[in-house]
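Each chain, written out:
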Amino acid sequence: MAESLFFTEEHEMLRRSVRDFVNKELVPNADAWEEERLFPDWVFQRLGELGYLGLHFPEEYGGGGGDYFTNVVLMEELAKCGSFGVNTGVAVQIGMATPPILAFGTEEQKQKYLVPAIKGEKIACLGITEPEAGSDVSNVKTFAERIDGGWKVNGNKIFITNGYRADFMTLLARTDKEKKGYKGMSIFLVDTDTPGYVVSRKLDKVGQWSSDTAEIFFEDMVIPEDALLGEEGRGFYNIMWELQGERLIVAVAVIAIAEVTLQQAIDYAKERVQFGKPIIKNQAIAHRVADLATELEAAKSLAYITAWRYDRGEYPVKEISMAKLIGTRVAFQVTDEALQIMGGYGYMMEYPAQKAWRDMRIARIGGGTDEIMREIIATTMGLY
Ligand SMILES: Cc1cc2nc3c(=O)[nH]c(=O)nc-3n(C[C@H](O)[C@H](O)[C@H](O)COP(=O)(O)OP(=O)(O)OC[C@H]3O[C@@H](n4cnc5c(N)ncnc54)[C@H](O)[C@@H]3O)c2cc1C
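Please read all numbers here as calculations on a predicted model, not as lab measurements.

### Here we look at the site of the ligand
Right, so step 1: Surrounding the ligand, one finds 14 residues, the nearest of these being Thr129, Ser135, Phe159, Thr369 and Glu371.
Right, so step 2: Note that an oxygen atom of the ligand is positioned 2.7 Å from one of the side-chain N or O atoms of Ser135.
Right, so step 3: Thr369 places a polar side-chain atom, nitrogen or oxygen, 2.6 Å from an oxygen atom of the ligand.
Right, so step 4: Alone, the ligand offers 980 Å² of accessible surface; in the complex the protein occludes 62% of this.
Right, so step 5: Among the elements that make up the shell around the ligand, the one with the highest residue count is strand 3 (residues 150-161) (3 residues).
Right, so step 6: Of the residues in the shell around the ligand, the class split is 6 nonpolar, 6 polar and 2 charged.
Right, so step 7: The two domains that each donate at least three residues to the shell around the ligand are domain 2 (125-233) and domain 3 (237-380).

This is how it looks when you write it as structure tokens:
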């Protein structure tokens, strides 16, 4: 094994185990899950049994106590399973819905939600986005009203990954109508079988078909006092803090799938003969491939270096935003160009290039759009 700045021999052992699991248990099913528009719940359970849902969580809660690069390895290898929705579902479980529980939860909340989520026994979703609050999270209107012994919640959430089958939601709701903007919001842990929690529909998407995405309504939903996660009124700040790690994970996962897709295009271009020679022998194509490989390598390096800093306790918001911006843009560009290199065959449903192309598009929107990443970068650069 070549020496790596970021990956130890333990990481490489983990990579081999995850790859083996992906090839044996996920790849053979991936096409069927795409058709069925859902990967089954047993994938969470199996990942939990193997310890993969808790790699980066402390051992006392059933996790592996590993560094951030253990999650990087997991996401890079899962990305090769042939059904990218699996990555998204798992990323929400391990990187979005549960880290706030570790950071801000009481011991009871950790035992009730985090431990079974790490085991794959409970599926988690994260409820931030609303029809009128997408990029502008300050506009969240779902309201949790304090009542005797708990809270009564009304409102709705949209585009919720895992929302169709989750056992619990990490929910961001307004708790103080007087306070505008980012103030006056709180996080709650909500069991999805609570009366008044209504999954209204599973949404059809362009890509990532095997991941379920739902719209959810809260209709006079009463939750107990201890459903509050962390300090009342600090919800926005707490959830945004925790989402930073997730943005990096998105970047490394899409780069991994783009690398696979670029290789498929190279293999195709070596075989495909037009005008009497393999199309890769045209400098226009070979140089384009060289550019794409260079851009991917640059994006990956930024993601890794930023992950390294993040893992050491730094909070490099600007670089995380840069890594997500460039990683998702380059990954989409690579899959688009790979499809171009494969011509009409690339556009056919029987070839994988179209799937990668469809799957990549959302990465420039979900978890913060390109434009919002630029806004964070510009702000942290002090440009305004
Ligand atoms: C498949 C999928 C899964 C998702 N999963 C989840 C989930 O699990 N949980 C969850 O809470 N959310 C989830 N989301 C929501 C996602 O985070 C939002 O879609 C995203 O934040 C953008 O919000 P929006 O779609 O409302 O777009 P809008 O905010 O309406 O933006 C529309 C366009 O305007 C641009 N724009 C907005 N404001 C500005 C500005 N100030 N300057 C320049 N441009 C601007 C945006 O960049 C975008 O191009 C998911 C979305 C999708 C599609």
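Additional details are given in the paragraphs that follow.
### Some thoughts on the packing of helix 3 (residues 68-78) against helix 4 (residues 85-97)
Right, so step 1: One can describe the packing of helix 3 onto helix 4 by two numbers: an axis separation of 10 Å at closest approach and a directional angle of 160°. Here helix 3 lies roughly antiparallel to helix 4, going by the angle between them. Taken as a pair, helix 3 and helix 4 cross one another with a handedness that is right-handed. Within the contact between the two elements, helix 3 uses Asn71, Leu74, Met75 and Leu78 and helix 4 uses Asn87, Val90, Ala91 and Ile94.
Right, so step 2: Looking at the contact of helix 3 with helix 4, its residues break down into 6 nonpolar, 2 polar and no charged.

### Concerning the environment of Glu225
Right, so step 1: Relative to the assigned elements, Glu225 resides in the loop between strand 7 (213-224) and strand 8 (228-229).
Right, so step 2: Taking the C-alpha atoms as reference, Glu225 lies 43 Å from Glu10; in sequence the two are 215 residues apart.
Right, so step 3: Among residues more than four places away in sequence, those in contact with Glu225 are Arg146, Gly149, Gly150 and Trp151.
Right, so step 4: Within the structure, the side chain of Glu225 is placed 2.7 Å from the side chain of Arg146, a separation counted as a polar contact.

### Description of the domain arrangement of the chain
Right, so step 1: What the domain assignment reports for the chain is domain 1 (9-122), domain 2 (125-233) and domain 3 (237-380).
Right, so step 2: A C-alpha centroid distance of 31 Å is found between domain 2 and domain 3.
Right, so step 3: Residue-level contacts link 14 residues of domain 2 with 11 residues of domain 3.
Right, so step 4: In this assembly, domain 2 packs against domain 3 so that about 990 Å² is buried in total across both faces, 70% of it on carbon and sulfur atoms.
Right, so step 5: At the junction of domain 2 with domain 3, the criterion picks out 0 salt bridges.
Right, so step 6: At the junction of domain 2 and domain 3, the tally comes to 2 residue pairs in polar contact (both at pLDDT 80 or more).
Right, so step 7: Looking at the side of domain 2 that touches domain 3, its residues break down into 8 nonpolar, 4 polar and 2 charged.

### Details of empty space enclosed by the protein
Right, so step 1: Tallying each qualifying case throughout the model produces 2 cavities of 30 Å³ or more.
Right, so step 2: For the largest cavity, the calculated volume is near 50 Å³.
Right, so step 3: For the lining of the largest cavity, the per-class residue count stands at 2 nonpolar, 1 polar and 4 charged.
Right, so step 4: By volume, the second largest cavity is sized at about 30 Å³.
Right, so step 5: If you go around the second largest cavity, the residues you meet are Leu53, Phe57, Gln93, Ile94, Thr98, Leu114, Ala117 and Ile118.

Analysis parameters
- Residues numbered from 1 in each chain as written.
- Predicted model: local features only at pLDDT ≥ 70, side-chain atom pairs only at ≥ 80, totals over all residues.
- Heavy atoms only, no water.
- Near = heavy atom within 4 Å.
- Polar contact = N/O pair within 3.5 Å; in protein donor to acceptor, adjacent residues only side chain to side chain.
- Areas by Shrake-Rupley, 256 points an atom, 1.4 Å probe, with all protein chains shown as cover.
- Helix = DSSP H or I, 4+ residues; strand = E, 2+ residues; numbered from the N terminus.
- Nonpolar A, V, L, I, M, F, W, Y, C, P; charged D, E, K, R; others polar.
- Domains from an automatic or database assignment.
- Axes fitted to C-alpha atoms, helices over the stretch in contact; angles between N-to-C directions.
- Parallel < 35°, antiparallel > 145°, perpendicular 65-115°, else oblique.
- Left-handed = near helix turned anticlockwise from the far one by under 90°.
- Contact = heavy atoms within 4.5 Å.
- Buried area = accessible area lost by both parts, 1.4 Å probe.
- Salt bridge = Lys/Arg side-chain N within 4 Å of Asp/Glu carboxyl O.
- 1 Å grid on protein atoms, 1.4 Å probe; cavity = no way out; pocket = protein on both sides within 12 Å on 5 of 7 lines; lining within 4 Å.
- Points joined across faces, edges and corners; volume = space filled by probe spheres on them.

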